[in-house]
Amino acid sequence: MSEPTALLIRVEGRVQGVGYRPFVYRLAKQHNLSGWVVNRNDAVVIKIEGDAGTLPLFVEDLRNQAPVVAEVKEITVDNDIPEYLQDFRILSSQDLSDETSEISPDIAVCPDCLDDMRRQSHRLDYPFINCTNCGPRFSIIHDFPYDRDKTTMSGFTMCEVCRSEYENMLDRRFHAQPIACNACGPKYTLHYDDRLEENFPAIISTVARYIREGSIVAVKGVGGFHLMCDALNPEAVSRLRNAKKREGKPFAVMFRDLLSVKKFTHVSEHEAILLTSWRRPIVLLNSIKEMTRGVCIGLNTIGAFLPYMPFHYRLFKELHTDALVLTSGNFAEEPIVIENETALIAFRDITGAILTYNRDIFNRNDDSVTRFMGGKERIIRRSRGYVPSPIDVSLNVDGILATGAELSNCFCIGKGNQAILSQHIGDLKNAETYVFYTEIIERFKKLYRITPSLLATDMHPDYLSTRYAQNLGIEVVTVQHHHAHIAACMAEYGLDEPVIGVCFDGTGYGTDGNTWGSEFMVATLDEFRRCMHFDYIALPGGDKVTSETWRTGISLLYKVYGKHFSDLDIPFIRDLDKKVVVSVTEALEKKINTPLSSGCGRLFDGIAAIAGICTHALFHAEAPMRLESVLAERITDRYDVEINTAICFDETIRQVVKDIKENISLPVISARFHNSIIWSIFESVSQIRQETGITKVVLAGGSFQNKYVTEKTMRLLADKGLDVYLGSQIPCNDGGIALGQLMVAARYRENKSR
Ligand code: ZN
Ligand code: ZN
Ligand code: FE
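Definitions and cut-offs
- Residues numbered from 1 in each chain as written.
- Chains lettered and ligands numbered in written order.
- Predicted model: local features only at pLDDT ≥ 70, side-chain atom pairs only at ≥ 80, totals over all residues.
- Heavy atoms only, no water.
- Donors = N, O, S within 2.8 Å, 3.2 Å for Na, K, Ca; no water.
- Tetrahedral: all angles 85-135°; square planar, octahedral: opposite > 155°, others 65-115°.
- Helix = DSSP H or I, 4+ residues; strand = E, 2+ residues; numbered from the N terminus.
- Buried < 20%, exposed > 50% of the residue type's maximum accessible area, 1.4 Å probe, protein only.
- Pairing = 2+ DSSP bridges.
- Expected span 1.5 Å × (residues − 1).
- Polar contact = N/O pair within 3.5 Å; in protein donor to acceptor, adjacent residues only side chain to side chain.
- Axes fitted to C-alpha atoms, helices over the stretch in contact; angles between N-to-C directions.
- Phe/Tyr/Trp six-rings, centres within 6.5 Å; stacked < 30°, edge-to-face > 60°.
- Lys NZ or Arg CZ within 6 Å of the ring centre and 35° of its normal.
- Salt bridge = Lys/Arg side-chain N within 4 Å of Asp/Glu carboxyl O.
- Parallel < 35°, antiparallel > 145°, perpendicular 65-115°, else oblique.
- Contact = heavy atoms within 4.5 Å.
- Nonpolar A, V, L, I, M, F, W, Y, C, P; charged D, E, K, R; others polar.
- Arc of directions from axis to C-beta.
- Domains from an automatic or database assignment.
- Buried area = accessible area lost by both parts, 1.4 Å probe.
- Core = buried A, V, L, I, M, F, W, Y, C linked by side-chain atoms within 4.5 Å.

Turning to the coordination of the iron ion (ligand 3), a few remarks are in order. Within the first shell, the iron ion (ligand 3) binds the protein through His 481 (NE2), His 485 (NE2), Asp 505 (OD) and Asp 734 (OD), at distances of 2.1 to 2.3 Å. In this structure, the iron ion (ligand 3) is surrounded by four donor atoms whose angles at the metal cover 84 to 170°, and the resulting shape is irregular. Of note, the iron ion (ligand 3) draws all its donor residues from one chain, in the sequence arrangement H-x3-H-x19-D-x228-D. Of the two residues, His 481 sits in helix α14 (residues 481–492) while Asp 505 sits in strand β23 (residues 499–509), which places them 24 residues apart along the sequence. Like Asp 505, His 481 is buried.

Have a look at this one:
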């Protein structure tokens, strides 16, 4: 035999916790090569030696194959000195540097494991079954590198059988860190009627009985507790709605399988791929028929997802219903509950039973929400199954912490050329959510070995995320809200050149002291110029307008008709309390607590109120969602809009009122209004392009979750030869803003060091 030659190979990307080392081991054995593989926190490193002719074949296989969830970014191969090793071994992990490799998001249970639940004697019906291709990851990890003792599995000692599988390279669970079985792994406990049940089949049949009887059951999931009931039982659904208090949002629905989803919604091929992916997000789908009113509260979309824990699959086997409401186990804007003790107290009075298990959730992680729009997936809430996958960016963002917005907060930290966006945190004004926010920032700093040296925040002085940054005593770069939205999208697509940025949302602090939210900008990562915007609207009562949308309705009418608007003979005016009308009019006249806003969301609110479809909003963006929901797609005409530096909708409002008086139907009015918005975007962008010659258009801001506006606008602009970008893996709403802040701060630092 010839002298062995050797190679040293580095594999970077998401290669930890996804069965990569076992995969390498099997490959080495197949090729009859010796050496070792080790998880370092910056990469998987392979030493491989043997026959000079075989080594390239090994490398080729390494490049062409990989476990399902792995995402290999780079493989570097260097010649090395042979050590005359006898065997191929997996070495224990080394904590060598401050660099970290990727942490895998949580992965839905795989088909092989579901099979094993029926076949393997020690895992019959075992609900925490997992393998190298599936199971919890981010939700249980507390340090790096990913090994069992650095997860919340550390308290469970492997039994002999599990250990032998863990050590057997031919086994599917070779080095599966959360490996477990009926004998040695985590267990469920059902708490009901002052009793405890630990037998899993008995648990399933009891939970199924409660669901059939219309009860609510609290269930500990992967990233937190869910509240669950039969989605097709109206009483159960309304009971759950009452139990969740103040909340008016639509509920997410877990369907038995794809076939059941198709009974209630349209599912395109792309949407089916999203639904069945290992990330198992909630996918917003257009409904065919309503479930029960309490689930989708009259909207034409359903947030659908499929089972992703063994428990979900087993439960559906015992049930006849096609669908369960599975909503996050929290109240109002509080974070989702993750501790057993908290759940037992919080849910005691509203549920028939509470299901816990004895492994801790370390990282809280809500269900993710996504939608397929304009030819791509568009993430709306980025959490379980997506976080903490990093985003590769074109700038050095190392050591920067971007603190995000205030609502739908996510923060973002920079590590080299990677941006790591946190899971969905929520509304920071809620005290518990704020605590969660500060905790997770500390965790990310530790996990990714980062000591921030520069902070990036919103320009809004009162955002809690801004104040948090200002109190750290580190240099802070403040970034205008809509500039950050646009920069986030630029980061995702690697754009570093002037773009036409169109940013539509509810509110964001503007540099003129007013609230912005319908901005046409020429932007780079360095700076922006505000070219056009929707005309300002006075908001009588300030922040009150977000729930009391009738206030904005009055303001729009006042702007167009003056104080005689109250003589208009339309249902909206007739239904208003006259005294209230007088006092709001007076406030508008005297400009008392009537801040100005160019927020696109506010215009939608006002029109929805005038049209009578939503005068009071129970949840964020309800009015625009209702308006979109009733729209008649066959209608192609529009109202008049005056395109100026301040785009004026006065004529639109006049024509809406005229249509209402003439009893034109709501679907038609809604379509005409939507078409007016689309046209105004198209016209404004065309003008800016004419002036500047810029052909790249970035759409950003939460208003672009409106599928009708987004798809039509994208098509119109693309037909004109413009390149149009809208966030896909990064939310276009405030959940993505931290990435934009991070990029603007990185560019600021770069410029400063020049
Ligand atoms: Zn599996
Ligand atoms: Zn075991
Ligand atoms: Fe925003």
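What follows concerns the sheet that holds strand β17 (residues 391–392). Spatially, β17-β20-β19-β18-β21-β22 is the arrangement adopted by the six strands of the open sheet, whose pairing is mixed. The open sheet terminates on both sides in strands that have one partner only, identified here as β17 and β22 (476–479).

A separate point is helix α5 (residues 200–212). In a regular helix each residue adds 1.5 Å, so 13 residues correspond to 18 Å; α5 covers 18 Å between its end C-alpha atoms and thus fits that length. Residues of α5 that are buried include every one of Phe 200, Ile 203, Ile 204, Thr 206, Val 207, Ala 208, Tyr 210 and Ile 211, and no others. The backbone nitrogen of Ala 202 has a side-chain oxygen 2.9 Å away, supplied by the residue at the start of α5, namely Asn 199. With its phi angle positive at about 90°, Gly 214 sits one or two positions after the end of α5.

Right, let's get into the coordination of the zinc ion (ligand 2). For the zinc ion (ligand 2), every protein donor is listed as Cys 159 (SG), Cys 162 (SG), Cys 181 (SG) and Cys 184 (SG), and the spread of their distances is 2.2 to 2.3 Å. Considering all four donor atoms around the zinc ion (ligand 2), angles at the metal cover 102 to 115° and the coordination shape is tetrahedral. In terms of primary sequence, the donors binding the zinc ion (ligand 2) are separated according to C-x2-C-x18-C-x2-C. Taken together, the residues span a long stretch of sequence, with Cys 162 in helix α4 (residues 160–167) and Cys 184 in the loop between α4 and β6 (188–192) at a distance of 22 residues.

This next bit is on the sheet that holds strand β3 (residues 43–50). Taken in spatial order, the five strands line up as β4-β1-β3-β2-β5 in an open sheet, and their pairing is mixed. Bordering the open sheet on either side are β4 (71–80) and β5 (88–90), each of which pairs with just one other strand. Shown here is a sheet whose adjacent strand axes are inclined to one another by a mean of 15°, direction ignored. Sheet analysis places strand β2 (residues 34–40) next to β5, joined by three bridges and oriented parallel.

In this structure the tally under the stated criterion is 27 aromatic pairs. Taking 6.0 Å as the distance between ring centres and 80° as the angle between the ring planes, the aromatic pair formed by Tyr 192 and Tyr 210 counts as edge-to-face. In this pair, Tyr 192 is assigned in strand β6 and Tyr 210 in helix α5, connecting sequence segments 18 residues apart. Using a relative accessible area of 6% as the deciding quantity, one classes Tyr 192 as buried. The rings of Phe 138, Phe 411, Tyr 434, Tyr 437, Phe 444, Tyr 448 and Tyr 468 are connected pair by pair, giving a single aromatic cluster. A cation sits over an aromatic face here: Arg 209 above Tyr 210, 5.1 Å from the ring centre. In this structure, Lys 220 is placed above the aromatic ring of Tyr 357, and the distance from its NZ or CZ to the ring centre is 4.3 Å.

All chains considered together, the criterion is met by 45 salt bridges. Its salt-bridge partner being Glu 442, residue Lys 445 comes within 3.1 Å of it at the nearest N-O pair. With a gap of three residues between them, Lys 445 and Glu 442 both fall in helix α12 (residues 431–447), about one helical turn apart. Here Glu 589 ties to Lys 563 by a salt bridge, and the two come within 4.0 Å at their closest N and O atoms. Here Lys 563 lies in the loop between α15 (549–561) and α16 (571–574) and Glu 589 lies in helix α17 (residues 578–590), a separation of 26 residues in the sequence. Residue Glu 589 is classed as partly exposed on the basis of its relative accessible area, which comes to 38%. It is possible to trace a salt-bridge network through shared partners that takes in Asp 115, Asp 116, Arg 118, Arg 119, Arg 172 and Arg 173.

Helix packing geometry: the angle between the two helix axes and the distance between the axes. Interhelical geometry of helix α20 (residues 650–661) versus helix α21 (residues 666–692) gives an angle of 170° and a closest axis separation of 11 Å. Judged by the inter-axis angle, α20 sits roughly antiparallel to α21. When α20 is examined against α21, the residues Thr 652, Val 656, Asp 659 and Ile 660 are found in contact with a partner set consisting of Ile 669, Arg 672, Phe 673 and Ser 676. Taken together, the residues that form the contact of α20 with α21 break down as four nonpolar, two polar and two charged.

Our focus in this paragraph is helix α8 (residues 269–276). What α8 keeps buried is the set Glu 271, Ala 272, Leu 274 and Leu 275. Angularly, the buried residues of α8 cover 160° about the axis, an arc narrow enough to put them on a single face. Facing away from the buried side of α8, by more than 90 degrees, are the exposed residues Glu 269 and Ile 273. Looking at the buried side of α8, the elements it contacts are α7 (258–264), β11 (282–286), β12 (301–305), β15 (369–373), β16 (376–381) and α22 (707–719).

A word on the domain arrangement of the protein chain. According to the domain assignment, the protein chain consists of domain 1 (5–90), domain 2 (103–186), domain 3 (188–357) and domain 4 (537–726). For domain 1 and domain 2, the distance between their C-alpha centroids amounts to 23 Å. Taken together, the 16 residues of domain 1 in the interface contact 17 residues of domain 2. Roughly 1400 Å² of surface becomes buried between domain 1 and domain 2 when both sides are summed, with 64% attributable to carbon and sulfur atoms. Viewed at the interface, domain 2 and domain 1 are joined by one salt bridge. Close ionic contact of Asp 147 with Arg 21 constitutes a salt bridge, the shortest N to O distance being 3.7 Å. Where domain 1 touches domain 2, the interface holds one residue pair in polar contact (both at pLDDT 80 or more).

Attention shifts here to unusual backbone geometry. That bond from Phe 144 to Pro 145 is cis: its omega, -5°, falls within 30 degrees of zero. Tracing the sequence through the fold places Pro 145 in the loop between α3 (111–119) and α4. Here the amide bond leading from Val 387 into Pro 388 is cis, since omega sits at 10°, within 30 degrees of zero. If you trace the backbone, Pro 388 turns up in the loop between β16 and β17. Even without a glycine there, the phi angle at Asn 32 is positive, about 60°. On the secondary structure map, Asn 32 appears in the loop between α1 (20–30) and β2. Even without a glycine there, the phi angle at Ser 408 is positive, about 45°.

Here we take up the nonpolar core. Residues Ile 46, Phe 58 and Leu 62 are the most contacted members of the largest nonpolar core, which totals 77 residues. The leading source of residues in this core is α5, at seven residues. Core analysis: the second largest hydrophobic core is formed by 73 residues, Val 522, Leu 556, Ala 623 and Leu 717 among them.

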